[in-house]
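This is what each chain is made of:
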Amino acid sequence: MASESMYAAAVCAGAAAWLTVGRDQGLRRARLLLAGGGAVEVSPRRSWERVLPWVGLRREWLCLPVALVLAVLGESVLPLVAGAAAVPLVRRRLRARERRREQDRRAEGVITLCGAVAGELRAGLQPGQALLFAARSTGALGGTEAAVLAAARFGGDVPQALREAAREPGADGLAGVAACWRVAVDSGAGLAAGLDRLEAALRAERDQRADLRTQLAGASSTIALLAALPLVGLGMGWALGADPLRVLLHTPAGLVCLVVGGLLEAAGLCWAARIVRRGEEP
C-alpha cells in the first residue's frame, strides 16, 4: 500500500510538471505567433516567480528544499550536497535567461524609438527635439539615455552618442539610427524616411527571430521531457516495490550508477542545449 501511494504521488507530480511545461510552451508559442507588429513577451512570469522575491528568496534557492526532501527520503546527505552544488549553476542559467529577456526588451525599444522619432519629425519637430521627446516617452536608451539626450539637447555629436549606446546588448539597431542621423546631417536626406526603412528592417529581423524561436520551442519541450525520464524510472521502481533511493545512495553499485547516470544526463543536456543555441544563431 505504501509503494502504491508513492507511485501515485510520483505519477501526479510528473503529470503536473508535464502539464505546466506544456502550458507554458503553448502560451509562449501563441505569443510568438500572434505577436504581429507588437511587442513580444518571450516568457511570462508565473505566480510563484512573483511570490519568491516578496518573501526574500531567489528561484535558485528552491534547489535546497528539493534536495532536503530527497535527503530525508533517501536518508543520505548526498542530495543536499548535490542541491548546494546546483544552486550556482541554476543561478547562472537564470541570469543568462534574464539577460536574454533584457536584450529582447531593448531591441523592441529601439524599434519603438525609430517609429516615434519619425512620427515626431513629421509632426514638425527638429531632429534633436524629436529624439528628446521620443527617448523620454519610450525609454529605449536605458542607461545610456543621459549621454544621448545631453548630446541632442546641447548640440553634441548625436551619431557618436548613439553608436556608444549601440554597444549595449540588444541595442544594435541604434547604430543604424546613428547612420541615418549622420547621412541626414551631411547630405540633407530625409531622416524620417530613413528611420522608417530602418524600423521596417528591424521589425523583419525581430519577426524572423521570433519565428525561429517558435520552431525551436518544440525541441526545447522534448529536451525537458527527456530530462525528466529518470524521475519516471524512480517512480516505476517504487511501483515495483523497490527502494531506488536507498539502492542509489547506500550501495556501491548504486553510487556508480548515480554518478555515471548524472554525468550522462548532464552531457546530454549540454549537447542538446548547444544544438538549440546554434539553431538560434543568425
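Below or above, wherever it landed, is the structure these notes cover. (Residues numbered from 1 in each chain as written. Predicted model: local features only at pLDDT ≥ 70, side-chain atom pairs only at ≥ 80, totals over all residues. Heavy atoms only, no water.)

## Notes on the environment of Val117
Examined against the element boundaries, Val117 turns out to sit in helix α4 (residues 78-122). A relative accessible area of 4% means that Val117 is categorised as buried. Ignoring sequence-local partners within four residues, the contact set of Val117 consists of Ala130, Leu131, Ala134 and Leu195. (Helix = DSSP H or I, 4+ residues; strand = E, 2+ residues; numbered from the N terminus. Buried < 20%, exposed > 50% of the residue type's maximum accessible area, 1.4 Å probe, protein only. Contact = heavy atoms within 4.5 Å.)

## Some words on unusual backbone geometry
Residues apart from glycine generally show negative phi values, whereas peptide bonds are mostly found in trans. Even without glycine at this site, Glu75 takes up a positive phi of about 55°. Tracing the chain through its elements places Glu75 in the loop between α3 (63-74) and α4. What makes Glu75 exposed here is its relative accessible area of 52%.

## Topic: the state of the cysteines
Applying the stated criterion across every chain yields a total of zero disulfides. Here Cys114 is not cross-linked by a disulfide; its sulfur's nearest cysteine counterpart is in Cys180, at 7.5 Å. (Disulfide = S-S within 2.5 Å.)

## Some details on a positive patch on the surface
A contiguous patch of positive charge, built from Arg93, Arg97, Arg274, Arg277 and Arg278, is present on the exposed surface. For the positive patch, the secondary-structure elements that each account for two or more residues are α4 and α12 (252-280). Mapped onto the secondary structure, Arg274 falls in helix α12. (Patch = residues over 30% accessible without salt bridge, like charges linked within 9 Å, V, L, I, M, F, W, Y side chains within 5 Å. Areas by Shrake-Rupley, 256 points an atom, 1.4 Å probe, with all protein chains shown as cover. Salt bridge = Lys/Arg side-chain N within 4 Å of Asp/Glu carboxyl O. Lys, Arg positive; Asp, Glu negative; His and termini not counted. Charge placed at Lys NZ, Arg CZ, Asp CG, Glu CD.)

## Structural notes on α12
Since there are 3.6 residues in each turn of an α-helix, residues three or four apart along the chain are aligned in direction. Spanning 29 residues, α12 covers 42 Å between terminal C-alpha atoms, matching the ideal 42 Å at 1.5 Å per step. If you check which residues of α12 are buried, you get Gly254, Ala272 and Val276. As for α12, its buried residues are in contact with α9 (191-227) and α11 (244-250). (Expected span 1.5 Å × (residues − 1).)

## Thoughts on the pattern of salt bridges
Inspection of every chain in the model, using the stated rule, returns 14 salt bridges. Close ionic contact of Glu108 with Arg206 constitutes a salt bridge, the shortest N to O distance being 2.7 Å. On the criterion of sequence distance, the pair formed by Glu108 in helix α4 and Arg206 in helix α9 is long-range, its members being 98 residues apart. What makes Glu108 buried here is its relative accessible area of 13%. One salt-bridge network, in which partners are shared between bridges, spans Glu98, Arg101, Glu102, Arg105 and Arg106.

## So, the packing of α9 against α12
At their nearest, the axes of α9 and α12 sit 10 Å apart, and the two run at 175° to each other. Relative to α12, the element α9 lies roughly antiparallel. Of the residues in α12, those in contact with Leu212, Arg213, Leu216, Ser220, Ile223 and Ala227 of α9 are Glu265, Leu269, Ala272, Val276, Gly279 and Glu280. Across the contact of α9 with α12, the residue classes tally to seven nonpolar, two polar and three charged. (Axes fitted to C-alpha atoms, helices over the stretch in contact; angles between N-to-C directions. Parallel < 35°, antiparallel > 145°, perpendicular 65-115°, else oblique. Nonpolar A, V, L, I, M, F, W, Y, C, P; charged D, E, K, R; others polar.)

## Quick word on the nonpolar core
Counting 34 residues, the largest nonpolar core has Leu113, Val117, Leu131, Leu174 and Leu195 as the members making the most contacts within it. Among the secondary structure elements, those contributing two or more residues to this core are α4, α5 (127-138), α6 (145-153), α7 (158-165), α8 (173-187) and α9. At seven residues, α4 tops the list of elements feeding residues into this core. With near-sequence residues (within four places) excluded, Leu131 lies in contact with Leu113, Val117, Val148, Leu149, Ala152, Val158 and Trp181. (Core = buried A, V, L, I, M, F, W, Y, C linked by side-chain atoms within 4.5 Å.)

## Overview of α6
For α6, every residue scored as buried is listed here: Val148, Leu149, Ala151 and Ala152. Along the long axis of α6, the arc covered by the buried residues comes to 160°, so they all point the same way. The exposed residues of α6 that point more than 90 degrees off its buried face are Ala146 and Ala147. Immediately beyond the C-terminal end of α6, within one or two residues, lies Gly155, with a positive phi of roughly 75°. (Arc of directions from axis to C-beta.)

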